[in-house]
Amino acid sequence: MNTDTDRVRRWRLVLGGDGAGPGSGLADAQLSDEDSGVDAVLAALYDRPDEEAAGGPRSANLGASAPRVARWLGDIRRYFPSTVVQVMQRDAVDRLGLTRMLLEKELLSAVEPDVHLVGTLLSLNGVLPEETKETAREVVRKVVTELEERLAERTRAAIRGALDKASRTHRPRPGDVDWARTIHANLKHYSPDLRTIVPEKLIGYGRRQQAVQRDVILAVDQSGSMAESVVYSGLFGAVLASMRALKTSFVAFDTEVADLTEHLADPVDVLFGTQLGGGTDINRAIAYCQGLVERPERTLLVLISDLYEGGDEEELLHRMAELTGAGVQVVTLLALSDSGAPSYDHETAAALAELGIPAFACTPDQFPELMAAAIRGDDLQSWVARESS
């Protein structure tokens, strides 16, 4: 296919049948059987019905038939990669209000699972039919499993390293010598006669402690705008809870507070214990978290919220000041997601910054190093600046 023909073909697929009107030079573009299939699934979602062809916004045309929707879901998986399929599914839900396709077991089993779909399912948790709930759990578990494979061990390794560094010593026991660091520190003591390094200074870790070294409290805003952050928070909460050196608590809140710590053995149970939507009372959540603090100087409180407070903001700031004054390390994540710059309450974020509480967005890939930096006691504002540069 020559370049001009391919360009015409691509524009024909982009504009659709209605856009390729007389005089455009696109109406007569020859489409292969494969291209015709692509054109059909795009038209079903994005083309305007005949009665709207003369003007007005584009609307979709999947129709009301569940079998037709199921065929469409199968077709887009055939023609497009999974990343594009996920975008088209979200468009179908947003543009057409096709939440019903998530309420029917047959249709739900045909979708391409992703974090955004999980967020939508969690928001529908209260209205999912019984026969669909198990399918919904399977979809959520598939996404969580994929995220665990990508993020879980990285998180554990980063935090183990931070905890070990906190107890590093220059007089380690033989089993606790950090040989990589010891060799690097003693390179200048290489002995040609012995053909080896003579370690004049040992570097290692303090005797590994079996007791809990840090208390971590995750306070997670489950208002509707925080859906993606809730999904990642549930996963990370379960990963942190799997580490014996940490005591992890997981508190989800809107205008009510739900302590989901007992469900942390399974992140899917944590996620289905949340209830996306509703208002936000951050002050009430922080009041509950205050009651969980037993060792202030060993406690890290991570508030994950866009900071749009529907409760008592003045009292919230007072509580935060009390926590930091007692020695609790407090961090605010405006979002824990891959969705770019979040919307958040700038005034509340600024007020927290005056209390010495950093407030910034964090991607899931950055979260392990963030937690490690917090445990080491690093300057988190400097850490954010480095990560952003």
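Everything below is about the structure shown above.
Quick summary incoming for the structure in this document.

How each quantity is defined
Positions within a chain are numbered from 1, following the residues in the order the chain's sequence is written. In view of the model being predicted, local features appear only for residues whose pLDDT reaches at least 70, and side-chain atom pairs are presented and counted only at 80 or more, with totals across whole chains, interfaces and linings using the full set of residues. Heavy atoms from the whole structure form the basis of all side-chain values; hydrogens and water molecules are not counted. A 1.4 Å probe rolled over the protein chains alone gives each residue an accessible area, and that area as a share of the maximum for its type sets the label: buried under 20%, exposed over 50%, partly exposed in between. For helices the rule is a DSSP run of H or I covering at least 4 residues; for strands it is a run of E covering at least 2, with both sets numbered from the N terminus onward. Two strands pair under a simple rule: DSSP has to find at least two bridges between them. For the handedness criterion, the strands are oriented away from the viewer, and a crossover whose path from the first strand over the helix to the second runs clockwise is classed as right-handed. Using a 1 Å grid laid over the protein atoms alone, points where a 1.4 Å probe fits but cannot get out form a cavity; open sets with protein on both sides within 12 Å along at least 5 of 7 lines form a pocket; any residue with an atom within 4 Å of a point counts as lining. Grid points are joined across faces, edges and corners, and a volume is the space filled by probe spheres set on the points. Gly counts as polar in this scheme, as do all residues outside two lists: the nonpolar Ala, Val, Leu, Ile, Met, Phe, Trp, Tyr, Cys and Pro, and the charged Asp, Glu, Lys and Arg. Working convention: axes come from line fits to C-alpha atoms, limited for helices to the stretch in contact. Angles between N-to-C directions cover 0 to 180 degrees. Each angle is binned into one of four classes, with values under 35 degrees roughly parallel, values over 145 roughly antiparallel, values of 65 to 115 roughly perpendicular, and all other values oblique. Helix crossings are classified by the rotation of the near helix relative to the far one: an anticlockwise turn of less than a right angle makes the crossing left-handed, while a clockwise turn makes it right-handed. Residue contacts follow a heavy-atom distance rule, with two residues in contact if any of their heavy atoms lie within 4.5 Å. We define a salt bridge as a side-chain nitrogen of Lys or Arg found within 4 Å of a carboxyl oxygen belonging to Asp or Glu.

Looking at the pairing of strand β6 (residues 246-253)
In terms of burial, β6 is largely enclosed, as 7 of its 8 residues are buried. Strand direction decides the pairing type here: strand β5 (residues 214-221) and β6, joined by 8 bridges, are parallel. The partner of Val220 across the bridge, within β6, is Ala252. Crossover connection from β5 via helix α9 (residues 227-241) to parallel β6: handedness right-handed. One ladder, built from 3 bridges, connects β6 with strand β7 (residues 257-259); its direction is antiparallel. Bridge assignment links Val251 to a residue of β7, and that residue is Asp259. Here β6 hands over to β7 after 3 residues, the two strands then running antiparallel side by side.

Let's talk about empty space enclosed by the protein
Taken as a whole and judged by the stated rule, the model has 1 cavity of 30 Å³ or more. Around the largest cavity, the lining residues are Asp215, Val216, Ile217, Lys247, Ser249, Leu292, Val293, Glu294 and Thr299. Element by element, the count of residues in the lining of the largest cavity is highest for β5, at 3 residues. Looking at the lining of the largest cavity residue by residue, the classes come out as 4 nonpolar, 2 polar and 3 charged.

Observations regarding the pairing of strand β10 (residues 359-362)
Side chains of β10 alternate between two faces, with Phe360 and Cys362 buried and Ala359 and Ala361 left unburied. Summarising the sheet, strand β9 (residues 329-336) and β10 pair through 3 bridges and their orientation is parallel. Of the residues in β10, the one forming a bridge with Thr332 is Ala359.

Some thoughts on the sheet that holds β9
Spatially, β7-β6-β5-β8-β9-β10 is the arrangement adopted by the 6 strands of the open sheet, whose pairing is mixed. Edge positions in the sheet fall to β7 and β10, since each of these pairs with one other strand and no more. Across this sheet, the average inter-strand angle for adjacent strands is 25°, counted without regard to direction.

So, the packing of helix α11 (residues 282-290) against helix α12 (residues 313-326)
Remark: α11 packs on α12, axes separated minimally by 9 Å, with the N-to-C direction vectors making an angle of 25°. Taken together, the axes of α11 and α12 are roughly parallel relative to one another. Of the two possible hands of crossing, α11 and α12 adopt the one that is left-handed. Contacts between α11 and α12 involve Ile282, Asn283, Ile286, Ala287 and Gln290 from the first element and Glu315, Leu316, Arg319, Met320, Glu322 and Leu323 from the second. Residue classes in the contact of α11 with α12 are distributed as 6 nonpolar, 2 polar and 3 charged.

What to know about the pattern of salt bridges
Throughout the structure, instances matching the rule amount to 13 salt bridges. Ionic pairing is found between Asp365 and Arg154, a salt bridge with its closest N-O pair at 3.0 Å. Placement of the pair is Asp365 in the loop between β10 and α14 (367-376) and Arg154 in helix α7 (residues 130-166), with a sequence separation of 211 residues. Given the relative accessible area of 32%, Asp365 is considered partly exposed. Arg154 gets classed as partly exposed once you look at its relative accessible area, which sits at 38%. Residues Arg376 and Asp378 are paired through a salt bridge, measuring 2.8 Å at the closest nitrogen-oxygen approach. One network of salt bridges, with partners in common, ties together Arg150, Arg154, Asp338 and Asp365.

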